[in-house]
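Chain and residue survey
Listed below, chain by chain, are the residues.
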Amino acid sequence: MIRISTLVGKGVQKAAQLRGGGSALPGLVVEKIDKQFLSRTLQSLPYGVVVISGTNGKTTTTKMVVELMRSQGLRVFTNRTGSNFTRGVAAALLEEVDSKGNLPADIAVVELDEAHAVHFVRQVAPRYCLLLNVLRDQLDRFGEIDYTAQLLHVIATHTTHGIVLNGDDPRLARSEFRTDTTAPIHYYGVNQHLAKLFPSDDAMRDGTTAPANRQAAYDVELYDMRNNDITFRFDQHDHTVTLKLKGSYNAQNAAGAIALTRCVLGERCDNSTMLTALAKVEPAFGRGETVTIHGHPCELVLVKNPSGFRLSLASFDPSQAATMIAINDQYADGRDMSWLWDVDFNSLRSTGVAMISGVRAFDMALRLQYDEVEAQQIIPNLKQALAEFLASNTDRPLRIYCTYTAMLTLRRELNTYTKVNTV
């Protein structure tokens, strides 16, 4: 059966490529005709499967983990396009397996949407998981935040060898989350003096800065940040790395990636090689990705919930770049945009926003008015808005905060001005 489903899937994949799209379609077809495809393909890997999930940071953290694992000599399979449903993993597998369904890899590191991860782990029990955070996201899909925590708990209970958790997230760190788990649990987190930079969903409401249910000790601690020079503490030593990845949130997720790598490799982990690899990691597809326009950097910053948008705004100096905000409300973005009212935009007051665009451009402009932030131009059409934004700001760096589908459109349009990587 595995040969038949693989050949059918590869055929659909080739046809989809000729039509210019449909990256997840082959995975959907294979899921329909062979419900055991994932488990049969992945169950024999020497180091098993790693699942990475959580509200924010999955794609970039997965990219970090993959590079750290490869630095240790492991052959790594991953769903590198960021298609984080089970059919996306199946489609990625079809690209890598041979005609007999054999996967040339030692370990699989897969990013999974919280809801789809539940279906995945019931087919393929992960040896390891890294759970990043629980934040309000896509209220129309997930509803209450505690429901998201329940989804991540299912992943943890199906994990067999090691669970790595953000020890500063109040829902992941509480003792109830450990109920029914059997694998050893490892924590990562931030030093107390950095806590105010990483507010939980609860902290954004009650005004506190200290993380709730803080663990007594972390396997890896984000100890200090000075621009892009990031210090991690583990094994009772400090290790400083200059990251190419910008933003405090990437430093926090890097601590999780280190903790997971050390959990998987144990004493075989070469720390020096691992940290050298971490320093070389570039931003993932559309997540802090930078291209050059008119001789200046143009940075895309993906935003999709209050915490993520707040952290992004806090990570950058608005006076150093012209700002554009592009907000869509398609299914992949989440249809409910009420979360924009929980973002503090005061940091943009002194500079204003050069351009607002997207399906919900006027909603975004109204939100900025309440924080007394000037919107210099409002053009809902993304192509027109981008052209005007670039033409009006030829003498300075650019930064575009955008929701997921807006990011896809903007990347496609930017490719007409400069080279944009396909992945």
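From a predicted model like this one, the values you see are computed outputs, not experimental measurements. Counting restarts for each chain: residues are numbered from 1 in the order of the written sequence. With pLDDT at 70 or above as the cut-off, local features in this predicted model cover only qualifying residues; side-chain atom pairs require 80 or more to be listed or tallied, and sums for whole chains, interfaces and linings still use all residues. Heavy atoms throughout the structure, all of them, feed into the side-chain values; hydrogens and water do not.

**Comments concerning the overall build of the protein**
Applied cut-off: Numbering of helices and strands starts at the N terminus; helices are DSSP runs of H or I of at least 4 residues and strands are runs of E of at least 2. When accessible area is computed with a 1.4 Å probe and restricted to protein chains, residues below 20% of their type maximum are described as buried, those above 50% as exposed, and intermediate ones as partly exposed. Note on contacts: a residue pair is in contact if any heavy atoms of the two residues lie within 4.5 Å. Where accessible areas are quoted, they stem from the Shrake-Rupley method and a 1.4 Å probe; at the residue level, only the protein chains shown are allowed to cover.
Scanning the protein for helices and strands turns up 16 helices and 14 strands. Counting all 423 residues of the protein, 57% fall into the buried class. For the protein, the proportion of contacts with a sequence separation of at least 24, taken over those separated by at least 6, is 74%. For the protein, the computed accessible surface area is about 17,900 Å², with 47% contributed by carbon and sulfur atoms.

**Topic: the sheet that holds strand 6 (residues 185–190)**
This is how it is decided: In this scheme, strands are said to pair when DSSP sees at least two bridges between them. Throughout, an axis means a line fitted to C-alpha atoms (over the contacting stretch in the case of helices), and angles, computed between N-to-C directions, take values from 0 to 180 degrees.
Taken in spatial order, the 9 strands make up an open sheet running 2-3-1-4-5-6-7-8-9, and their pairing is mixed. Either end of the sheet is taken by a strand with one partner, and the two such strands are strand 2 (76–78) and strand 9 (237–242). Geometrically, the sheet is characterised by an average inter-axis angle of 20 degrees between neighbouring strands, direction not taken into account. The sheet strands contacting helix 5 (residues 86–96) are strand 2 and strand 3 (107–111), and the helix crosses strand 2 at an angle near 135 degrees. Relative to the sheet, helix 8 (residues 145–158) contacts strand 1 (49–53), strand 4 (128–131) and strand 5 (162–166), its axis offset from that of strand 4 by approximately 155 degrees.

**Here we look at the environment of N227**
Tracing the backbone through its elements, the reader meets N227 in the loop between strand 7 (220–226) and strand 8 (229–234). Taking the C-alpha atoms as reference, N227 lies 8.5 Å from K246; in sequence the two are 19 residues apart.

**Notes on the packing of aromatic side chains**
Threshold: In this analysis, rings of Phe, Tyr and Trp, with Trp reduced to its six-membered ring, are considered paired at centre separations within 6.5 Å, and the interplanar angle assigns stacked below 30 degrees, edge-to-face beyond 60, and tilted for intermediate values. Criterion for a charge above a ring: Arg CZ or Lys NZ at most 6 Å from the ring centre, at most 35 degrees from the ring normal.
A complete count under the given rule lists 4 aromatic pairs for this structure. When the ring of F309 is compared with that of Y401, the centres are 5.6 Å apart and the planes differ by 35 degrees; the resulting orientation is tilted. Of this pair, F309 sits in helix 13 (residues 306–315) while Y401 sits in strand 14 (residues 398–402), placing them 92 residues apart in sequence. Note on F309: relative accessible area 0%, which makes it buried. Ring-pair connections join several aromatic residues into one group, and the members of that group are F309, W339, F345 and Y401. Note that R233 overlies the ring of Y223, its terminal NZ or CZ placed 3.7 Å from the centroid.

**So, the packing of helix 6 (residues 114–123) against helix 8**
Convention followed: Throughout, the term roughly parallel applies to angles under 35 degrees, roughly antiparallel to angles over 145, roughly perpendicular to angles from 65 to 115, and oblique to all others. Helix crossings fall into two classes, left-handed where the near helix is turned counterclockwise from the far one by less than a right angle and right-handed where it is turned clockwise.
Look at helix 6 against helix 8: their axes get within 9 Å of each other, and the N-to-C directions meet at 25 degrees. Viewed along their axes, helix 6 and helix 8 adopt a mutual orientation that is roughly parallel. Along this stretch, helix 6 crosses helix 8, giving a crossing that reads as left-handed. Contacts between helix 6 and helix 8 pair E114, A115, A117, V118, V121 and R122 from the former with T148, L151, L152, V154, I155 and H158 from the latter.

**Overview of helix 14 (residues 361–370)**
Here is the rule: For this quantity, the arc is that covered by the directions from the helix axis to the C-beta atoms.
All buried positions along helix 14 are accounted for by A361, M364, A365, R367 and L368. Taken around the axis of helix 14, the buried residues stretch over an arc of 160 degrees, which confines them to a single face. Exposed residues pointing more than 90 degrees away from the buried face of helix 14 are listed as F362, Q369 and Y370. In this structure, the buried side of helix 14 is in contact with strand 12 (322–326) and strand 13 (355–357). Of the residues trailing helix 14, E372 is marked for its positive phi of about 60 degrees.

**Some points on the pairing of strand 3**
Burial analysis of strand 3 places 5 of its 5 residues in the buried class, the great majority of the element. Neither face of strand 3 is left uncovered, since the one carrying I107, V109 and E111 and the one carrying A108 and V110 both have all their residues buried. As paired elements, strand 1 and strand 3 share 4 bridges and run parallel to each other. Residue pairing for strand 3: V49 is matched across the bridge by A108. As judged from the 3 bridges shared by strand 2 and strand 3, these two strands associate in the parallel manner. Residue pairing across strands places V76 opposite I107, the latter belonging to strand 3.

**Overview of the pattern of salt bridges**
To keep things clear, this is the line we draw: We count a salt bridge whenever a side-chain nitrogen from Lys or Arg sits within 4 Å of a carboxyl oxygen from Asp or Glu.
For the structure on display, the rule yields 13 salt bridges. The partner of D146 in a salt bridge is R171, and the shortest N-O contact between them spans 2.7 Å. Of this pair, D146 sits in helix 8 while R171 sits in helix 9 (residues 170–173), and the two are 25 residues apart along the sequence. A salt bridge links R399 to E299, with the nearest nitrogen and oxygen atoms 3.4 Å apart. Within this pair, whereas R399 is found in strand 14, its partner E299 is found in strand 11 (residues 296–302), the two being separated by 100 residues in sequence.

**Some points on a nonpolar patch on the surface**
Convention followed: Each patch groups residues whose relative accessible area exceeds 30% and which form no salt bridge, using 9 Å between like charges and 5 Å between nonpolar side chains of Val, Leu, Ile, Met, Phe, Trp and Tyr.
A cluster of nonpolar side chains, W341, L366 and Y370, forms an exposed patch at the surface whose accessible area comes to about 350 Å². Inspection of the secondary structure assignment puts W341 in the loop between strand 12 and strand 13. Residue W341 is classed as partly exposed on the basis of its relative accessible area, which comes to 41%.

**Some thoughts on the state of the cysteines**
What is meant by a disulfide is a covalent connection between two cysteines, made through their sulfur atoms. Note the following rule: Note on terminology: pairs of cysteine sulfur atoms within 2.5 Å are recorded as disulfides.
Inspection of the entire model under this criterion finds 0 disulfides. Of the cysteine sulfurs around C129, a residue in no disulfide, the closest is that of C263, at 8.8 Å. For C129, a relative accessible area of 0% corresponds to the buried category.

**Some points on the side chain of D106**
Mapped onto the fold, D106 is located in the loop between helix 5 and strand 3. If we skip the residues at most four places from it in the chain, D106 touches L45, P46, Y47, G48, G73, L74 and R75.

**Describing the sheet that holds strand 10 (residues 289–293)**
If you trace the 5 strands from one edge of the open sheet to the other, you get 10-11-14-12-13, paired in mixed fashion. Each of the sheet's edge strands pairs with one partner strand only, and the pair in question is strand 10 and strand 13. Strand-to-strand, the axes of this sheet are offset by a mean angle of 20 degrees, without reference to chain direction. With 3 bridges connecting them, strand 12 and strand 13 associate as parallel partners.

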